[in-house]
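Survey of secondary and tertiary structure
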Amino acid sequence: MDARQLEYFTAVADERSFTRAAERVFAAQSTVSAGIQSLERELGAALFARDAHGVRLTDVGEAVLAEARAGLQAMERIRELADREGPLRGTVRVGIFTNLTRVDLPGVMGEFHRRHPEVDLRLGPSPSGSSGLVEDVRQGRLDIAFHGLPDAVPDLLTRPLAVSPFLAVLPEAHPRAGQASVSLADLADEPWVDARSGFGNRVTLDRAFAALRLSRRVPTELADLGEIPRFVAAGLGVAALPELTVIPAPGAVTVPLAEPVDWRLNAIARVRPGRAADALLALLEERISGA
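Residues numbered from 1 in each chain as written. Predicted model: local features only at pLDDT ≥ 70, side-chain atom pairs only at ≥ 80, totals over all residues. Heavy atoms only, no water.

A few words on the overall build of the protein chain. Scanning the protein chain for helices and strands turns up 10 helices and 11 strands. By principal-axis analysis of the C-alpha atoms, the protein chain measures approximately 70 × 50 × 30 Å. Counting across all 291 residues of the protein chain, residues that qualify as buried make up 47%. At a minimum sequence separation of 6, the contacts of the protein chain that also span at least 24 residues come to 73%. Accessible area for the protein chain stands at about 14,200 Å²; split by element, carbon and sulfur atoms hold 52% of it. A distance of 2 Å separates the average location of the 33 positive side-chain charges in the protein chain from that of its 39 negative side-chain charges. (Helix = DSSP H or I, 4+ residues; strand = E, 2+ residues; numbered from the N terminus. Buried < 20%, exposed > 50% of the residue type's maximum accessible area, 1.4 Å probe, protein only. Contact = heavy atoms within 4.5 Å. Areas by Shrake-Rupley, 256 points an atom, 1.4 Å probe, with all protein chains shown as cover. Lys, Arg positive; Asp, Glu negative; His and termini not counted. Charge placed at Lys NZ, Arg CZ, Asp CG, Glu CD.)

Here the focus is the packing of helix α5 (residues 105–115) against helix α10 (residues 275–289). Where α5 contacts α10, the axes come no closer than 10 Å and their chain directions differ by 140°. Considering their axes alone, α5 and α10 lie oblique with respect to each other. Here α5 runs over α10; the crossing is right-handed. Between α5, through Leu105, Val108, Met109, Glu111, Phe112 and Arg115, and α10, the contact on the second element is made entirely by Ala276, Ala279, Leu280, Leu283, Leu284, Glu286 and Arg287. (Axes fitted to C-alpha atoms, helices over the stretch in contact; angles between N-to-C directions. Parallel < 35°, antiparallel > 145°, perpendicular 65-115°, else oblique. Left-handed = near helix turned anticlockwise from the far one by under 90°.)

A few words now on α10. The end-to-end C-alpha distance of α10, which contains 15 residues, comes to 21 Å, matching closely the 21 Å that a straight helix rising 1.5 Å per residue would cover. Of the residues making up α10, those classed as buried are Ala276, Ala277, Leu280, Leu281, Leu283, Leu284 and Ile288. The arc that holds the buried residues of α10, viewed along the axis, is 165°, so those residues lie on one side. (Expected span 1.5 Å × (residues − 1). Arc of directions from axis to C-beta.)

Take helix α2 (residues 18–25) next. The set of residues buried in α2 consists of Phe18, Ala21, Ala22 and Val25. Viewed along the axis of α2, the buried residues span an arc of 100°, placing them on a single side of the element. Looking at the buried positions of α2, the neighbouring elements they touch are α1 (3–15), α3 (29–43), β1 (48–51) and β2 (54–57). The N-capping residue of α2, defined by a side-chain oxygen 3.2 Å from the backbone nitrogen of Thr19, is Ser17. Phe26 occupies a position one or two residues after α2 and carries a positive phi of about 60°. (Polar contact = N/O pair within 3.5 Å; in protein donor to acceptor, adjacent residues only side chain to side chain.)

Let us look at the pattern of salt bridges. Overall, the coordinates contain 23 salt bridges when judged by the stated rule. Among the charged side chains, a salt-bridge network with shared partners connects Asp194, Arg202, Asp206, Arg216 and Glu221. (Salt bridge = Lys/Arg side-chain N within 4 Å of Asp/Glu carboxyl O.)

With respect to the secondary-structure elements, Pro87 resides in the loop between α4 (59–82) and β3 (90–95). Considered as a pair, Pro87 and Gln29 are 58 residues apart in the sequence and their alpha carbons are 31 Å apart. Beyond its immediate chain neighbours, meaning those up to four positions away, Pro87 contacts Glu118 and Arg275.

Okay, the nonpolar core next. The biggest cluster of nonpolar side chains holds 53 residues, and the ones touching the most others in it are Ile144, Phe146, Trp192 and Leu284. With seven residues, α10 is the largest single contributor of residues to this core. Apart from residues lying up to four places away in sequence, Trp192 is in contact with Leu184, Leu187, Leu205, Phe209, Arg216, Arg217, Val218, Pro219, Thr220, Val238, Ala239 and Ala240. In this structure, Tyr8, Phe18, Ala22 and Val32 belong to the second largest nonpolar core, which totals 19 residues. (Core = buried A, V, L, I, M, F, W, Y, C linked by side-chain atoms within 4.5 Å.)

With that settled, the discussion passes to unusual backbone geometry. For Arg16, which is not a glycine, the phi torsion comes out positive at approximately 55°. Positionally, Arg16 belongs in the loop between α1 and α2. The exposure class assigned to Arg16 is partly exposed, which follows from its relative accessible area of 38%. Notably, Arg213 is not glycine yet its phi reads approximately 60°, a positive angle.

Enumeration according to the criterion identifies five aromatic pairs in this entry. Consider the rings of Phe18 and Phe48, whose centres lie 6.1 Å apart with planes at 70°: the pair is edge-to-face. Of this pair, Phe18 sits in helix α2 while Phe48 sits in strand β1, and the two are 30 residues apart along the sequence. The residues Phe18 and Phe48 share a single accessibility class, namely buried. Among the aromatic side chains, those forming a connected cluster through ring pairs are Phe9, Phe18 and Phe48. Over the aromatic face of Trp192 sits the side chain of Arg216, whose NZ or CZ is 4.8 Å from the ring centroid. (Phe/Tyr/Trp six-rings, centres within 6.5 Å; stacked < 30°, edge-to-face > 60°. Lys NZ or Arg CZ within 6 Å of the ring centre and 35° of its normal.)

And the structure:
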């Protein structure tokens, strides 16, 4: 077996599609299919089950996947050891947040690209928020990711980037919209607009309510934090968001919370990142932590 076959295998495993996997590795679909078939012949076992519903890993495929990722990472480290004095190369897959209002993430990524043009940056969010991003790094699907969960992730390398207080987001006609501050208890009985379960800000806020022995109802859940103030302005409920993520919307206002609730933004990577990933982590820390 060779590295290209392992790359095809992990791409199909991640995408659950030969077509999308071929696009990801910049190869023809027939080439990816032939590579997988060759690998299956060599191993003497089917790695994928194919049916009308798509592609899924077999039990053997599930067992092989972690080792295939580890093998690709080891090969990448070997290449880096042989080329420590040369320019940074390779691929860095980054799980990002798209609603960081005081962080110029495009600018940071653009600066990294100018410094290291031979590194292939691949950026994208997770529909599962921070929880999904952490798991993607653990499983080797990502090299670096942001996360905003309140708990440390002891098995991964963590670089703290920012701390942001939560603000209440209220309709401008709300009776408490003009107050100097508002407590969670004041808003607990109202309908809430929030991120989906698994997002770091949702986990942090749920814990704040639990610490106060309060409960709330969240009839509107969104995967895009930037949209939450617009739904609040439309009268669908109240919200609380980290100040760093609030995108102003006409008809919605922010009010400080009476009880301090902080959201922590971190960057995470596997414990032994490659040279390119390590350089990006350093730049993120420099540009965001130092801002």
